[in-house]
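# An overview of the molecular structure
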Amino acid sequence: MKKVAVIGSGTMGNGIAHVFAQNGFPVSLIDISEEALQKAVGTISKNLDRIISKGNLTEEQKEQTLQNITTYTTMQEGVQEVDLVVEAATENIDLKLKIFRDLNSFTKPETILASNTSSISITKIASVTDRPDKVIGMHFMNPVPVMKLVEVIRGYSTSDEVTNKILELSKQLGKVPAEANDYPGFVANRILMPMINEAIYSLYEGVAGVEEIDTIMKLGMAHPMGPLQLADFIGLDVCLSILNVLHEGFGNPKYAPCPLLVNMVQAGHKGIKSGNGFYSWSHGTKELVVADRFKK
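Residues numbered from 1 in each chain as written. Predicted model: local features only at pLDDT ≥ 70, side-chain atom pairs only at ≥ 80, totals over all residues. Heavy atoms only, no water.

### Looking at the UniProt feature "domain: 3-hydroxyacyl-CoA dehydrogenase NAD binding" (unreviewed entry) in the chain
Per the UniProt record, "domain: 3-hydroxyacyl-CoA dehydrogenase NAD binding" (unreviewed entry) is annotated on residues 3–182. Along residues 3–182 the backbone is 43% helical and 21% strand, and the end-to-end C-alpha distance reaches 26 Å. (UniProt positions renumbered as here; feature names shortened; annotations may be inferred. Helix = DSSP H or I, 4+ residues; strand = E, 2+ residues; numbered from the N terminus.)

### Focus: the sheet that holds strand β3 (residues 69–72)
Strand pairing in a sheet takes place through backbone hydrogen bonds and is either antiparallel or parallel in direction. One open sheet accounts for eight strands, arranged β3-β2-β1-β4-β5-β6-β7-β8; its pairing is mixed. Bordering the open sheet on either side are β3 and β8 (176–181), each of which pairs with just one other strand. Here the average twist between neighbouring strands, direction ignored, is 25°. Sheet topology places strand β2 (residues 27–30) next to β3; four bridges connect them, and they run parallel. By the bridge assignment for β3, Val27 is matched with Ile69. (Pairing = 2+ DSSP bridges. Axes fitted to C-alpha atoms, helices over the stretch in contact; angles between N-to-C directions.)

### Thoughts on the domain arrangement of the chain
When cut into domains, the chain gives domain 1 (4–181) and domain 2 (187–294). Here domain 1 and domain 2 have C-alpha centroids that lie 27 Å from each other. Contacts between the two partners involve eight residues from domain 1, matched on the other side by seven residues from domain 2. When the area that domain 1 buries against domain 2 is broken down by residue, the three leading residues are Ser118, Ser119 and Glu151, summing to 51%. Seen at the junction of domain 1 and domain 2, the total is three residue pairs in polar contact (both at pLDDT 80 or more). (Domains from an automatic or database assignment. Contact = heavy atoms within 4.5 Å. Buried area = accessible area lost by both parts, 1.4 Å probe. Polar contact = N/O pair within 3.5 Å; in protein donor to acceptor, adjacent residues only side chain to side chain.)

### Brief notes about the environment of Tyr183
Its place among the elements puts Tyr183 in the loop between β8 and α8 (188–204). Counting along the chain gives 117 residues from Tyr183 to Leu66, while the straight-line C-alpha distance between them is 37 Å.

Right under this line is the structure:
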């Protein structure tokens, strides 16, 4: 692996580009929006400053990391001669299928095509290419520069060779890879999302309030943050999308999203990204403030 392209410059995309670039890989960061790309580079720069402030990086290393990143607004130009593409676009199946059809045409035949999808079938994504053996999932955790786990997902046709390369590459990035097979939600979200959904049901049915639910899970189960706060952090729209994938994929009613979650997303309350979810995020501090709707 000598050169990498990352598709999408949002929270996950810029984090993935950051990690590759900091570990010495030339990275093509690709997005249709020049404004989004500049914002992404600014975010990476700020995150590098945070690492410097902790004494874990030098100014010279920061500059080298930023020099390793080249931005592109056209996919065809950005993926030329890369050895690996990591797609980190919005969690939308139609968009991802289009991207992989294009990548199949624009990249070298030996280029490995990876998706950072958190729930969409790798086998389905691979089916629109003529190299399903070289399509794999690399599900990074958010925030990417901090979180150690990479969930490596084998599609039905993903080869042993490609899987082993991605497992070793993940270790090169200072991550801990964990291999999973391609079934709805893989491992992380198959377990996490029903827990979040059950927490939302507990609120919906009046079992307890937002703070109480999160406090019980934090102090009783040693979780670093409660499931409702985590849902806001992930994005309620993303949680809903993953639950729908699980529900449709398994056909099991236990994965059906809580009506409260559905209503919140339809109302535009998506968590941190919209400024309002189970908590209010518009006050500009780290203090957890329960959203007005859920206050007692």
